[in-house]
Structure formats: structure tokens, C-alpha cells
Amino acid sequence: MDAVRFVAIGDSFTEGVGDEREDGTVRGWADLVAQGWAASRGNPIQYANLAIRGKLLRPIIEQQLEPALALKPTHLSFNGGGNDMLRLRASIEDLADGFTHVLRRCDEEGVRLVQLSGANPSGQLPMGRLIQRRGDLMSAAVSERIGDRTDVIRALNWPDDVLSGASFWSEDRLHMNSRGHHRVAARVLDALGEQAPDPWWSLPELPHARELSRGEYFREHLGPWFRRRLTATSTGDLREPKSGGQWVDVPAS
């Protein structure tokens, strides 16, 4: 059986924010895919996660793509643009150009691209209609760039209405919780032709997060987000990839 070397690049979605372990570290769908992939194959795989929260699409490509390819992976998962869509001047065509570049580099290096679309949080966010419209446009633009390429592995989460439900999201309404990350992992494994544990598609609902008033939500989540925009800072500043940019051996059991 051929070896699998799976590397993931992206932002908080791929880093795993929202799916926190008891010690405060994050897990997320990519970690779960590595675990499920090894278990489904019955053989260990190698896995690296270079994603860092808060990153825009261009910095993901500029800072993560080449180090990821330098690891000589067999598969590379890529997602980005969610943070860009929250900015008024984001260009859908520029974002789609970024996806085209990643696909071209994977082709050049003989790496299979695992293309994900992020889940859709717009129903529970301020400016939700704007975010929905931009997400629809970006999904269409990226799908057009990929065309009918059957060698690109696609795991599309944006159109999943079930995953958009509030029970799959964290208190900040922007990052998925553990339930959401498991559903995404199940979809990726399915796209890879591997068997995901059936419960991952719809784990039992988590205890409800406390209901935040409008003022509490702005103070605890929107306010800090706006301050970071005004000061040109990010939650990912000075953070290193959680795998240290190196392979981790994932056992089959």
C-alpha cells in the first residue's frame, strides 16, 4: 500500500480553532482526518499542519505553501479566504487566482490537492447576507477554476445547510465547535474514498453555550475583532504551526 503524507495549510478553520482539548490546545478536522485516514487504511500515515489562525489568503499562500511542498507530501489540503470575506474590499477574482496558483504548484510537484470550502456561518453573523453572497461567489469562482478535474479531491462544506446550524458552532459564531469539525472530517474522508466513523457525521449536540446578549457578543467577540482590524494585528501573530512544520506519525489505531 502506497505511503500517505498529508499536509494541511490554511487559517483557523484548518488549525482547528473551536475544537479545543482539555489542555487548551486545538484539534480540528485536519487532525481528525489524519486519525481517521490511518484507521481506515489500517496503516500509519504522516501528517503535518502548517495552518495558522487569522491569516488572509495571500499570506497563507506566501508563508505556508512552499514549506508544505518542501515536505514532499502526497496530499495537500488547502482552504482560505474566510478572513478575506469579512473585509469590504476583498476581490473574489483575486481570491480565486490564489486557488489557481495552489493548484498549479501542486500539479508541478505531483501532489494531489484536497480542496475544501469552509462551512457557512452567515445565518448567525452580523452582515450575514453580505457574507452569504460573497461566499456563494467565491465558491462558484473556485469551482470554475477547478473545472471538471477529477484528480482534485473536493470536500465542499459551504453548501451544507445542516452544518450551518447553530449547534455546530462555537460561542463566537465564527468558528465551528467539536461537532462541526467532526462533520467536516467525515466529509473529507468520504471524498478521499476512506471510511469515516458514522457518528462523526452528526455527534450528539454539545451542552448549549451561554446565550449572549447583543451587547455581550459585541464586547466579547466583535469588539476585539474590530480592534485587531484597526491596529493591523491578528490572533495568529507570532504563532508557529502546531506541528512545528514537521511530519508527525499517525498510527492506525
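Residues numbered from 1 in each chain as written. Predicted model: local features only at pLDDT ≥ 70, side-chain atom pairs only at ≥ 80, totals over all residues. Heavy atoms only, no water.

Asker: Can you explain the packing of helix α2 (residues 29-41) against helix α7 (residues 178-191)? Please cite residues and give values.
Answerer: When two helices pack together, their arrangement is given by the angle between their axes and by how far apart the axes lie. Two elements in contact, α2 and α7, have axes whose closest approach is 8 Å; the angle formed by their N-to-C orientations is 45 degrees. For the element pair α2 / α7, the angle class is oblique. Crossing geometry of α2 relative to α7 is assigned as right-handed. Between α2 and α7, the residues in contact are W29, L32, V33, G36 and W37 and H181, H182, V184, A185, V188 and L189, respectively. Broken down by class, the residue content of the contact of α2 with α7 amounts to eight nonpolar, three polar and no charged. (Axes fitted to C-alpha atoms, helices over the stretch in contact; angles between N-to-C directions. Helix = DSSP H or I, 4+ residues; strand = E, 2+ residues; numbered from the N terminus. Parallel < 35°, antiparallel > 145°, perpendicular 65-115°, else oblique. Left-handed = near helix turned anticlockwise from the far one by under 90°. Contact = heavy atoms within 4.5 Å. Nonpolar A, V, L, I, M, F, W, Y, C, P; charged D, E, K, R; others polar.)

Asker: Which residues make up helix α5 (residues 92-109), and what values go with them?
Answerer: The end-to-end C-alpha distance of α5, which contains 18 residues, comes to 26 Å, matching closely the 26 Å that a straight helix rising 1.5 Å per residue would cover. Against α3 (57-70), β3 (75-78), α4 (82-85), β4 (112-117) and α6 (128-146) lie the buried residues of α5. G110 lies just past α5 and shows a positive phi near 70 degrees. (Expected span 1.5 Å × (residues − 1).)

Asker: Which residues make up the packing of α3 against α5, and what values do they have?
Answerer: For the pair α3 and α5, interaxial distance at closest approach is 11 Å and the crossing angle is 5 degrees. Looking at the two axes, α3 sits roughly parallel to α5. Packed against α3, whose contacting residues are L57, R58, I61, L65, E66 and L69, the element α5 presents D94, L95, D97, G98, F99, H101, V102, R105 and E109 at the interface. Across the contact of α3 with α5, the residue classes tally to seven nonpolar, two polar and six charged.

Asker: Hey, could you go over empty space enclosed by the protein for me, with residue numbers and the actual values?
Answerer: For the structure shown, the criterion picks out one cavity of 30 Å³ or more. If you add up the space inside the largest cavity, you get close to 30 Å³. Elements with a contribution of two residues or more to the lining of the largest cavity: α5, β4 and α6. (1 Å grid on protein atoms, 1.4 Å probe; cavity = no way out; pocket = protein on both sides within 12 Å on 5 of 7 lines; lining within 4 Å. Points joined across faces, edges and corners; volume = space filled by probe spheres on them.)

Asker: Pulling in residues and values, what's your account of unusual backbone geometry?
Answerer: The phi dihedral of K72 is positive, around 60 degrees, even though this residue is not glycine. Topologically, K72 is positioned in the loop between α3 and β3. Even without being a glycine, R173 presents a positive backbone phi close to 65 degrees. Mapped onto the elements, R173 comes out in the loop between β5 (153-156) and α7.

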